[in-house]
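Letter by letter, the chains look like this.
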Protein chains: 2
Amino acid sequence: MENTITDSIKITPITTSKLDKVDFDNLSFGKTFTDHMFECDFKDGVWQTPQIKPYGPLTIDPSARVFHYGQAVFEGMKAFKDDKGDVFLFRPKDNFNRINISANRLAIPSFPEQYFMEGLKQLLKIDEKWIKSGAGNSLYIRPFVIATQACVSAAEANEYKFMIICSPAQAYYVGDVSVLIAEKYSRSANGGVGYAKAAGNYAAQFYPTNLAKKEGYQQVIWTDADTHEYMEEAGTMNIFFRINDTLLTAPISDRILDGITRKSLLEIAEKEGIATEVRPIKVNEIVKAAEDGGLKEMFGAGTAAVISPIKAFGYKGNHYEIKRPEKAFASHLKKALMDIQYNLTEDPYGWRVKL
Amino acid sequence: MENTITDSIKITPITTSKLDKVDFDNLSFGKTFTDHMFECDFKDGVWQTPQIKPYGPLTIDPSARVFHYGQAVFEGMKAFKDDKGDVFLFRPKDNFNRINISANRLAIPSFPEQYFMEGLKQLLKIDEKWIKSGAGNSLYIRPFVIATQACVSAAEANEYKFMIICSPAQAYYVGDVSVLIAEKYSRSANGGVGYAKAAGNYAAQFYPTNLAKKEGYQQVIWTDADTHEYMEEAGTMNIFFRINDTLLTAPISDRILDGITRKSLLEIAEKEGIATEVRPIKVNEIVKAAEDGGLKEMFGAGTAAVISPIKAFGYKGNHYEIKRPEKAFASHLKKALMDIQYNLTEDPYGWRVKL
């Protein structure tokens, strides 16, 4: 028998659930949390006994390195419930692998797979009533690690906290968005941390996004920092284009996140015979395709929104509208992916993991 | 009369000081904190009544945006005590201006100047006994802002905490260091946040620095992310070179921090008739100067260490030693700057601010 850490998770259940007080028809994304949270501290060179305990505030020194040096990485994943009440995760191993890839780049110690998987499962079991069935409903799961060591010298910490918190979710974005293609600001550098889900990558995007909002756009399409000639990401999502009947996306790199939704959509598209191209995509190519009518679709892809269709983009003072065709890849691929996630169809890929 | 906020800072003093328990001859940088801290919350669109209260842990929700999206900026500054017991700050207005420049880039609301200056002064007065006179002794001051709003959707927060914490300090670095010039990793992108003291900039440096340490170097010299042909920063400091009798440093940009020590050293050098050049510096130029003997000095400059002399550098597998001349710019400029900071000389620049 393999050793498991199942029994070693220390569980302190809540006395009274908050579940009754939540209006599940009017959830604001990321603001409501379930009754419990998973917590595991790194100290003296090892991850200590994990705990599941009532969701509540942390007590943390103001000199904790996360506040000063941004040593923090996270993941975004979801749990889904089908009509029979069974709960499913989607490619959880990929999230586990990626949080350690991110952690490694930020000089944060790797978290053990068994702790991650067992912690996740036991947390979801204890808070299972928070997962609602029905289209679009899910439990958004946020694993994250922060440097807790109390010290303001600029070096990596020797104490960390790994946590999983969960938030019931409906849809993330509402409606199609207009986006502005970045000409000045950028998201990541060659040799930087763009491929990691590092906390600091996100804070850096808010100001340029606010500037875009002032011009009537909801998101920024990030281009490469060197030349601003190549498409990289869509806000906090990966970017896809459809030119005529070909689906295009940028290759992953040290600047671009290896999105789980991104690679799943690519696999589904390929299996369904949709032509795909993973290659550097020039802004000018997209502008030209928008002008000559070849650009049929443009969308962001990520865990929170699954697919976020883009209806228009701005570039160098010009505005380009995209007329989405009736049979859009976006809606077709989104349905195909969600049908797998919600156990509404077969899963030939082996992505669905039953709790 | 001008309105002041002096009286509106709410002060809750400690009951028992920790001062007696501190060994001021054996301080580890950034690990010991004074009795009090300054705290001011941003809520409902305004900065609330500032407080000075006993140093202690924060109570903060695990979904606070700082943990997930890295909205955090900071400053580093110092207070000095002369032999008469008078306390001085060094260019505090510059730190105030810069924390708001950083905050603006990270979509964090500006902090009011009066709150910053009065908070700082009152905090230093109440903890004045923690500032020791004598060469090298100082009180390291860490103002910082973090996003406290409890929400895991990727957008800027609407609640923040501005704090000032203080740590008694001796010297930061010991001895001359060897550095590795970056060929793969990088610190910041064009259009990014490199010029800001953003928390995430620091976490990104630890892993490449650890790789350099494995090769026997203590720090990384960052080069531009596009080509790695130009010198940018030295670890968490600005970088200076002396070729023959000219002092060189890279110009500030959106990738390079506008260091207060950097610009002060430049001003002192210019006033003293040292030839200075602020211009892009090619790695190859420095390698060539090291080979032909023209490279006399290389050092980092920053608040914590003032000047950190570099004795050797590695580049493309080669190792270059720098023989520091007897009359080094580094030690001369460091003394000139510290004499002003410690009130040991006139201050023709108007940098010293008496508490």
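Below: a short report on this structure. Here the structure is a predicted model, which is why all the values come from computation and not from measurement. (Residues numbered from 1 in each chain as written. Chains lettered and ligands numbered in written order. Predicted model: local features only at pLDDT ≥ 70, side-chain atom pairs only at ≥ 80, totals over all residues. Heavy atoms only, no water.)

1. Points about the interface of chain A and chain B
Where interface size is quoted, it is often the accessible area lost as the parts come together. Taken together, the contact pairs 62 residues of chain A with 62 residues of chain B. Taken over both partners, the interface formed by chain A and chain B buries close to 5000 Å², and the fraction arising from carbon and sulfur atoms is 63%. By the criterion of area lost to chain B, the three top residues of chain A are Pro62, Phe67 and Phe206 of chain A, representing 14% of everything that side buries. At the junction of chain A with chain B, the criterion picks out zero salt bridges. Looking at the side of chain A that touches chain B, the elements that each hand over two or more residues are strand E5 (58-60), helix H1 (65-69), strand E6 (72-74), helix H2 (92-105), strand E9 (138-147), strand E10 (160-169) and helix H4 (199-214) of chain A. Class assignment for the residues of the side of chain A that touches chain B results in 37 nonpolar, 18 polar and seven charged. Pairing geometry for E5 of chain A and strand E5 (residues 58-60) of chain B, over three bridges, is antiparallel. Each bridged residue has a counterpart across the sheet, and for Ile60 of chain A the counterpart in E5 of chain B is Leu58 of chain B. (Contact = heavy atoms within 4.5 Å. Buried area = accessible area lost by both parts, 1.4 Å probe. Salt bridge = Lys/Arg side-chain N within 4 Å of Asp/Glu carboxyl O. Helix = DSSP H or I, 4+ residues; strand = E, 2+ residues; numbered from the N terminus. Nonpolar A, V, L, I, M, F, W, Y, C, P; charged D, E, K, R; others polar. Pairing = 2+ DSSP bridges.)

2. Considering the packing of aromatic side chains
Counted by the stated rule, this structure contains 48 aromatic pairs over all chains. Arranged with centres 5.0 Å apart and planes meeting at 5 degrees, the rings of Phe33 of chain B and Tyr55 of chain B form a pair that is stacked. Of this pair, Phe33 of chain B sits in the loop between strand E1 (10-11) and strand E2 (36-43) while Tyr55 of chain B sits in the loop between strand E4 (51-54) and E5; the two residues are 22 residues apart in sequence, bridging distant segments of the chain. Each member of the pair, Phe33 of chain B as well as Tyr55 of chain B, is classed as buried. A connected cluster of aromatic rings, assembled from ring pairs, spans Phe38, Phe42, Trp47, Phe96, Phe111, Tyr115, Phe116, Tyr160 and Phe162 of chain A. When the ring centre of Phe329 of chain A is taken as reference, the NZ or CZ atom of Arg242 of chain A above it lies at 3.9 Å. Positioned above the aromatic ring of Tyr349 of chain B, the side-chain terminus of Lys271 of chain B is 5.4 Å from the ring centre. (Phe/Tyr/Trp six-rings, centres within 6.5 Å; stacked < 30°, edge-to-face > 60°. Buried < 20%, exposed > 50% of the residue type's maximum accessible area, 1.4 Å probe, protein only. Lys NZ or Arg CZ within 6 Å of the ring centre and 35° of its normal.)

3. Digging into the pairing of strand E17 (residues 295-302) of chain B
Residue and element names in this part refer to chain B. With seven of its eight residues buried, E17 lies for the most part within the structure. As judged from the four bridges shared by E17 and strand E18 (residues 306-315), these two strands associate in the antiparallel manner. Bridged to Ala301 within E18 is Ile307. The hairpin turn running from E17 into E18, its antiparallel successor, is three residues long.

4. Focus on helix H5 (residues 260-271) of chain A
All names here are of chain A. Given a rise of 1.5 Å per residue, 12 residues ought to cover 16 Å, and the 17 Å separating the end C-alpha atoms of H5 matches this to within 8%. Considered for burial, the residues of H5 that qualify are Ile260, Thr261, Arg262, Ser264, Leu265, Leu266, Ile268 and Ala269. Phi for Gly273, located one or two positions after H5, is positive at around 80 degrees. (Expected span 1.5 Å × (residues − 1).)

Spatial relationships are all this shows, so hold off on functional conclusions.
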